[in-house]
Amino acid sequence: MTKLLFPTPEPVTVPMRVEDAAFPVSRIFCVGRNYADHAKEMGHEVDREAPFYFTKSPAHLIHSGATVPYPPGTADFHHEMEFVVAIGAPGFRVAEADAMDLVLGYASGLDMTRRDLQGVAKDKRRPWDTGKDFENAAVIGPITRAGDFGAPGPQAISLHLNGKPVQQAHLSDMVWSVAELIAHLSTLYHLRPGDLIFTGTPAGVGPVSPGDMLHGEVEGLSPVTLTIAPAG
Ligand code: MN
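How each quantity is defined
Residues numbered from 1 in each chain as written. Predicted model: local features only at pLDDT ≥ 70, side-chain atom pairs only at ≥ 80, totals over all residues. Heavy atoms only, no water. Helix = DSSP H or I, 4+ residues; strand = E, 2+ residues; numbered from the N terminus. Buried < 20%, exposed > 50% of the residue type's maximum accessible area, 1.4 Å probe, protein only. Contact = heavy atoms within 4.5 Å. Phe/Tyr/Trp six-rings, centres within 6.5 Å; stacked < 30°, edge-to-face > 60°. Lys NZ or Arg CZ within 6 Å of the ring centre and 35° of its normal.

So what's going on with the overall build of the protein chain? Residues and values would help.
Assigned secondary structure in the protein chain consists of five helices and 18 strands. Dimensions of the protein chain, computed from the C-alpha atoms along their principal axes, are close to 50 × 45 × 40 Å. Out of the 232 residues belonging to the protein chain, those deemed buried represent 47%. Once local pairs closer than 6 in sequence are excluded, the contacts in the protein chain between residues at least 24 apart make up 78%.

Okay, structure coming up:
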């Protein structure tokens, strides 16, 4: 066997809510502009032409409850509260009617964003990676089994910043439903167990500062929390 030059990283996993088990993470897909009010606040008209995606490295995923330093290279570090879909079965070119069969469960998540770097990338038609895919940029709570959650739709999704509500919507406000997203994404990738889909954020995104505390909830799921380490 070939000698490894340094130890392999620990596998990236997400705890299950009630089982003594963990979900091993393969890939992280994120959906752009999936709530009309958020698209509008970012200066875009929402379109139903097709959803679009970006990705985050699993190495950048952290668990709910973490305290993270304010990241380098930004002066506009933003929160985006999101509903996360955990894929538990393989699928390629899946029909919308069969798409929910791929879902193992759901979690609350945060798509943390260096908004200033994302803005420069948009202006210059460059990739979003440095704005979206950086250390600690994806945060996730424990996964609830799909059967224990029910069909996504009426559940409220919300984020509190230092106890004050800043993002509030319902999953039914999503432009693309979970089934539509899975069906579409499965035309681009062979979806497989371990994939996560961050399904986009409602309106109300905004900056965080050192010392801030984020508390995100989707009705029926474990919350996701994040603390930005105090300065100094
Ligand atoms: Mn997002």
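From this point on, the discussion continues.
Any details on the packing of aromatic side chains? Residues and values, ideally.
Note on aromatic pairs: each is described by the distance of the centres and the angle between the planes. Taken as a whole and judged by the stated rule, the model has eight aromatic pairs. Between Phe83 and Tyr106 the ring centres are 4.9 Å apart and the planes differ by 20°, which places this aromatic pair in the stacked class. Note that Phe83 is positioned in strand S8 (residues 81–87) and Tyr106 in strand S9 (residues 103–111), a separation of 23 residues in sequence. Look at Tyr106 and Phe149: their rings are 5.1 Å apart centre to centre, the planes differ by 50°, and that puts the pair in the tilted class. Taken as a pair, Tyr106 in strand S9 and Phe149 in helix H4 (residues 146–149) lie far apart in primary sequence, 43 residues in all. The two residues Tyr106 and Phe149 agree in class, both being buried. Ring-pair connections join several aromatic residues into one group, and the members of that group are Phe52, Phe54 and Trp128. The lysine or arginine in question, Arg114, covers the ring of Phe134, its NZ or CZ lying 4.2 Å from the ring centre.

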